Amino acid sequence: MHDLRRQALESGKTTSRKARSKVSSPATSKPSSPATSRAASRVRGNGSRGGSDDEEELSDETSFSVGSIDEVLNGDGTEYSGDAWRPELADRIEEILARKGSTVQGREKCYKVYIHILTSQYAEQEIRGKEAELVVAFLKSIKEEKTEKETILAMKSLAMTLMTSPSDLIYEAASTPLKRTISHSTSTSCKAAAIHTLGTCTFFGGASEDEILENMDFLLEISTSDGYTISAPDEPEPVTAALEEWGFLSTLIDDMSAQSEDAVEAFAEQITSSFPSVQIAAGENIALLFEKSYKPVVADEDSPADYADAEILSDPDDTPGVPKLIRLYPAYRRTDQLIHSLQSIASISTHHLSKTDRKALRTNFADILNSVEFPTRGPRYQNAISDETGKRYGSRLVVRIHKGGVMRIDAWWKLTRLQGLKRVLQGGFVGHYEKNELVFDTLPIMMSSDR
């Protein structure tokens, strides 16, 4: 598979394969001080979704943060030389499974190396047949919660094991312990990590559609209660995580008509949060839901008679490559009121925020507003006019796949899935995208030459 993937990249394009659905969140930035209430002064933490670059992220295996969008799109993981990682990984697996007599500090160090190797290398063959025993060991650390660091590392190890060697049995085994941690842990960081791990296990670990929707309701309750339902009142880290994973899971659901109104209402409340990380995660979910309420017109599949009474939306600027859209259902009834709120944030100038946070809110909410007003426009839509075509540039987000080509992120579902993958894979995303079929099938996007 790797040879075929490499061959396709060298040719400048890759043929898309169907993922499990036709249609991934924002990043968590840990606040610098705890929240007190929604009425507290505007943000005391870095919610701008900025952060360290990929190399720094990879050196901190406890991180579920992906940094800014630009960092998400351009970053390669560090590489071991040759096969030096294989015996190292074998030793760490043996140490994890032979848990008796180990110390907390020893397990923390072991898990960290394990995560680092699985992030930077595709090691499916090396862990094949050992997944069940590894999951049992990680869940033991999660249930015992001896230290915050060991617990978070165990959850990240569990997520990386699933991403490397997927199993439909992992969700059943892990969902209850993870929900227990979310609800009862005294550490907000453990709660947030458990939310992210639950999202990964739900997406990849064999959850049914009913279980996906059930977990989305669970995550929405965390968000709408500002963390109160999990004993984390006004804590932005778990609330942001819940918003992010809700968006990631929603990309698995084709028809969101039954959930859209209430969900947008909930997210419209959260964009007034005191924390930019919460605002941005909620705003991106709003853009995603508006996008999901339309479908592209496919000439070979859609007869005009089939949608005679439907609203057909064309890009007002006739941007090249932007298809016409059919409105399937109204995403939200009070769109005018929502647009007013989005406009206020997109032009925010309050001095209660840092310069970085103000810039992040303006940039992200300009994108979100653009997509709510014009659902044909994806994230980072450029209004600038091309001298060559005389038309707007359109969405210009790309992921660079080494020197082989670029992946265009021109829709919110693509960005949501990309961010969901990056939360787990960190700087190893590109390597896994080339070699790991699970990752590729989650984001099966046509490649183009980097010109």
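Criteria and thresholds
- Residues numbered from 1 in each chain as written.
- Predicted model: local features only at pLDDT ≥ 70, side-chain atom pairs only at ≥ 80, totals over all residues.
- Heavy atoms only, no water.
- Helix = DSSP H or I, 4+ residues; strand = E, 2+ residues; numbered from the N terminus.
- Areas by Shrake-Rupley, 256 points an atom, 1.4 Å probe, with all protein chains shown as cover.
- Axes fitted to C-alpha atoms, helices over the stretch in contact; angles between N-to-C directions.
- Parallel < 35°, antiparallel > 145°, perpendicular 65-115°, else oblique.
- Left-handed = near helix turned anticlockwise from the far one by under 90°.
- Contact = heavy atoms within 4.5 Å.
- Nonpolar A, V, L, I, M, F, W, Y, C, P; charged D, E, K, R; others polar.
- Expected span 1.5 Å × (residues − 1).
- Pairing = 2+ DSSP bridges.
- Buried < 20%, exposed > 50% of the residue type's maximum accessible area, 1.4 Å probe, protein only.
- Salt bridge = Lys/Arg side-chain N within 4 Å of Asp/Glu carboxyl O.
- pLDDT = per-residue confidence, 0-100.
- Phe/Tyr/Trp six-rings, centres within 6.5 Å; stacked < 30°, edge-to-face > 60°.
- Lys NZ or Arg CZ within 6 Å of the ring centre and 35° of its normal.
- Patch = residues over 30% accessible without salt bridge, like charges linked within 9 Å, V, L, I, M, F, W, Y side chains within 5 Å.
- Lys, Arg positive; Asp, Glu negative; His and termini not counted.
- Charge placed at Lys NZ, Arg CZ, Asp CG, Glu CD.
- Core = buried A, V, L, I, M, F, W, Y, C linked by side-chain atoms within 4.5 Å.

Summing up its helical and strand segments, the protein has 19 helices and eight strands in all. Put simply, the protein shows about 19400 Å² of open surface, and 48% of that area lies on carbon and sulfur atoms.

Quick look at the packing of helix α11 (residues 209–224) against helix α12 (residues 236–250) now. Two numbers describe how α11 lies on α12: the axes approach to 8 Å, and their chain directions differ by 150°. Put simply, α11 runs roughly antiparallel to α12. Note on packing geometry: the crossing formed by α11 with α12 is left-handed. Across the interface between the two elements, Ile212, Asn215, Met216, Leu219, Leu220, Ile222 and Ser223 of α11 pack against Pro238, Val239, Ala242, Leu243, Glu245, Trp246, Leu249 and Ser250 of α12. Looking at the contact of α11 with α12, its residues break down into eleven nonpolar, three polar and one charged.

Look at helix α13 (residues 257–270): 21 Å from first C-alpha to last across 14 residues, which is about the 20 Å you get at 1.5 Å a residue. The secondary structure elements touched by the buried residues of α13 are α11, α12, α14 (276–292) and α15 (335–346).

Turning our eyes to something else, we now look at the sheet that holds strand β2 (residues 312–313). Pairing between the strands of a sheet comes from backbone hydrogen bonds, and it takes one of two forms, parallel or antiparallel. Ordered by their spatial adjacency, three strands build an open sheet running β1-β3-β2, and the pairing between neighbours is antiparallel. With partners counted over all chains shown, the strands left at the sheet margins are β1 (294–296) and β2, one partner each.

Taken together, the three bridges between strand β4 (residues 381–385) and strand β5 (residues 392–395) define a ladder with antiparallel strand orientation. Counterpart to Gln382 in the pairing with β5 is Gly394.

Here the focus is unusual backbone geometry. Notably, Ser231 is not glycine yet its phi reads approximately 60°, a positive angle. Among the structural elements, Ser231 can be located in the loop between α11 and α12. Given a relative accessible area of 57%, Ser231 falls into the exposed group. A positive phi angle, near 55°, is found at Arg380, a position not held by glycine. Counting through the fold element by element, Arg380 comes out in the loop between α16 (355–373) and β4. A residue is classified by how much of its surface remains accessible, and Arg380, at 16% relative accessible area, is buried.

Tallied over the full model, the rule gives 17 salt bridges. One salt bridge in this structure joins Glu88 and Arg92, with 2.8 Å as the shortest N-O distance. Residue Glu88 and its partner Arg92 are both found in helix α4 (residues 85–97); the two are separated by four residues, about one turn of the helix. The shortest N-O distance in the salt bridge between Glu144 and Lys140 comes to 3.1 Å. Here Lys140 and Glu144 lie together in helix α7 (residues 131–144), a separation of four residues that amounts to about one turn.

Attention now goes to the confidence of the model for the protein. For the protein, per-residue confidence averages 81 on the pLDDT scale, and residues scoring 70 or more make up 75% of the total. Overall, residues 1–60 carries pLDDT values under 50, and its contacts beyond four positions in sequence, including any with other chains, amount to 182 contacts. In this model, residues 67–78 is a region of pLDDT below 50 whose contacts with residues beyond four sequence positions or in other chains number 49 contacts.

Another aspect to go through is the packing of aromatic side chains. Applying the stated criterion across every chain, the model contains eight aromatic pairs. Taking 5.5 Å as the distance between ring centres and 75° as the angle between the ring planes, the aromatic pair formed by Tyr111 and Phe138 counts as edge-to-face. Highlighted residues: Tyr111 in helix α5 (residues 104–120) and Phe138 in helix α7, separated in sequence by 27 residues. Accessibility assignment for this pair places Tyr111 and Phe138 in one class, buried. Between the aromatic rings of Phe203 and Phe248, the centroid separation amounts to 4.1 Å while the plane-to-plane angle is 10°, which identifies the pairing as stacked. Of this pair, Phe203 sits in helix α10 (residues 188–204) while Phe248 sits in helix α12, and the two are 45 residues apart along the sequence. These aromatic residues form a ring-pair network of at least three members: Tyr111, Tyr114 and Phe138. Looking at Lys179, its charged tip hangs above the ring of Phe218, at a distance of 5.5 Å from the centre. In this structure, Arg377 packs its charged tip against the face of Phe374, placed 4.3 Å from the ring centre.

A grouping of Glu209, Asp210, Asp254 and Asp255 is seen on the molecular surface, where their side chains present a negatively charged patch. Among the structural elements, Asp210 can be located in helix α11. Its relative accessible area of 60% is what places Asp210 among the exposed residues.

Relative to the elements of secondary structure, Ser223 occurs in helix α11. Apart from the residues lying within four places of it in its own chain, the contact partners of Ser223 are Val239, Leu243 and Gln270.

This paragraph deals with the nonpolar core. Leu338 and Phe429 are the most contacted members of the largest nonpolar core, which totals 112 residues. With near-sequence residues (within four places) excluded, Leu338 lies in contact with Val264, Ala268, Ile271, Ile286, Phe290, Tyr332 and Val372.

Turning our attention to the packing of α15 against α16. The contact between α15 and α16 brings their axes to 8 Å, and the two run at 155°. Between α15 and α16, the angle is such that the two are roughly antiparallel. Between α15 and α16 the crossing geometry is left-handed. Contacts from Thr335, Leu338, Ile339, Leu342, Gln343, Ile345 and Ala346 of α15 reach α16 at Leu361, Arg362, Phe365, Ala366, Ile368, Leu369, Val372 and Glu373. Tallied by class, residues from the contact of α15 with α16 come to eleven nonpolar, two polar and two charged.

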